[in-house]
Amino acid sequence: MRGTGVAAVPYLLVRHELRLLASLWLWAARRTDGAAGGGTAFGYARGQGAMMAGFAFVCVVESVMMSVLLRDWPTAHHVVLVLDVYTVVIVVGLHAASVVRPHVLDPDAGTLRIRRAIHVDVRIPLERIASVRRELRTTHEPRDGELDLAVGSQTSVTVELAEPVTHVSFFGRRREVRVVRCHAEDPGALVRAVERAREGHAVP
């Protein structure tokens, strides 16, 4: 299906940046998004923490080096410094978005919400889940009808659906998926909680 028109791209980019900044505020306030009420949160960001920290460190080192190289050109130095600082903020914001937007299981609403930062948010009705299992995968080949949300190059939970759900990409492209793979810091706990919720039991 067709995605978002070119005219809407600036709006999407601005919204993306604002949501990253909002994620930093939520992270600093030790709050999460979407886990209020009867929902139970399942984190997944720990698997990428070291990588994101390393990336941020490289950006900081690059900023210091560019400041030294451009010290005799004040205008260029200021422009590059602003861009470098903003890059570090974006990197930290991406990790913060993963921390404050966990997967959420809400038995009362009858949904399993699978997320990855601010880029993916798929709501799966529990009655559409055919099976859920713990399955570690480190390689993923794109296939029609499958959505792989790897964190740190791995997924640890596989959800197979009896009926497809719609995944909407960042630029608005819609596609139907019947298999969703994601990562969770405690995949066993997520699988058990989903199975209990499907059986009509409350999540402990």
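It should be noted that the structure appears before, not after, this text.
Reading the values: rules and limits
As a convention, each chain's residues are numbered from 1 in the sequence order in which they are written. Confidence filtering applies because this is a predicted model: local features only for residues at pLDDT of at least 70, side-chain atom pairs given and counted only at 80 or more, and all residues used for totals across whole chains, interfaces and linings. In computing side-chain values, all of the structure's heavy atoms are included and hydrogens and water are not. Secondary structure elements are defined from DSSP: runs of H or I of at least 4 residues count as helices, runs of E of at least 2 residues count as strands, and each element is numbered from the N terminus. Burial classification: accessible surface area is computed with a 1.4 Å probe over protein chains only, and a residue below 20% of its type maximum counts as buried, one above 50% as exposed, and the rest as partly exposed. Two residues qualify as a contact provided that any one of their heavy atoms is within 4.5 Å of a heavy atom in the partner residue. Computed with the Shrake-Rupley method and a 1.4 Å probe, the accessible areas treat only the protein chains shown as cover for residues. For the purpose of charge, His is not counted, nor are the chain termini; Lys and Arg are scored as positive and Asp and Glu as negative. The atom standing in for a charge is NZ when the residue is Lys, CZ when it is Arg, CG when it is Asp and CD when it is Glu. Whether two strands pair comes down to DSSP finding at least two bridges between them. A fitted line through C-alpha atoms serves as each axis, taken over the contacting stretch for helices, and the angle formed by two N-to-C directions is quoted from 0 to 180°. To sort the angles, those under 35 degrees are grouped as roughly parallel, those over 145 as roughly antiparallel, those from 65 to 115 as roughly perpendicular, and the leftovers as oblique. By definition, any crossing whose near helix is turned counterclockwise from its far helix by less than a right angle is left-handed, and any crossing with a clockwise turn is right-handed. Gly counts as polar in this scheme, as do all residues outside two lists: the nonpolar Ala, Val, Leu, Ile, Met, Phe, Trp, Tyr, Cys and Pro, and the charged Asp, Glu, Lys and Arg. Here the expected span of a helix is defined as 1.5 Å times the quantity of residues minus one.

(A) Highlighting the overall build of the protein chain. Scanning the protein chain from N- to C-terminus turns up four helices and eight strands. Put simply, the protein chain runs from its N terminus to its C terminus through helices and strands in the order α-β-α-α-β-β-β-β-β-β-β-α. Principal-axis analysis of the C-alpha atoms gives the protein chain an extent of 70 × 40 × 35 Å. Every one of the 204 residues in the protein chain was classed for burial, and the buried ones make up 39%. Pairs at least 24 residues apart make up 67% of the contacts formed inside the protein chain by residues separated by at least 6 positions. With an accessible surface of roughly 11,700 Å², the protein chain has 59% of that area assigned to carbon and sulfur atoms. The averaged location of the 21 negative side-chain charges in the protein chain is 2 Å from the averaged location of its 25 positive side-chain charges.

(B) Region of the structure containing the pairing of strand S6 (residues 146–149). Of the two faces of S6, the one holding Glu146 and Asp148 and the one holding Leu147 and Leu149 are both buried throughout. Where S6 meets strand S8 (residues 174–182), four bridges bridge the pair, whose relative direction is parallel. Bridged to Leu147 within S8 is Val180.

(C) A look at the sheet that holds S6. Taken together, four strands build an open sheet; the order of strands is S5-S7-S8-S6 and the sheet is mixed. Two strands bound the open sheet, and with one partner strand each, they are strand S5 (129–137) and S6. The sheet shows a mean angle of 35° between the axes of neighbouring strands, taken without regard to direction. Strand contacts of helix H4 (residues 187–198): S5 and strand S7 (155–168), with the helix running at about 175° to S5, the strand carrying the most contacts.

(D) Here's a closer look at the packing of helix H1 (residues 9–28) against helix H3 (residues 74–100). Relative to each other, H1 and H3 sit at 65°, their axes nearing to 8 Å. Classified by the angle their axes make, H1 and H3 are roughly perpendicular. Of the two elements, H1 crosses H3, and the hand of that crossing is left-handed. Facing H1, whose interface residues are Glu17, Leu20, Leu21, Ser23, Leu24, Leu26 and Trp27, H3 presents Tyr86, Val89, Ile90, Val92, Gly93, Leu94, His95, Ala96, Ala97, Val99 and Val100. Of the residues assigned to the contact of H1 with H3, the class counts are 14 nonpolar, three polar and one charged.

(E) Focus on H1. Here H1 contains 20 residues, and its C-alpha end-to-end distance of 29 Å stays within 8% of the 28 Å for a straight helix at 1.5 Å per residue. Where the residues of H1 are buried, they touch H3.

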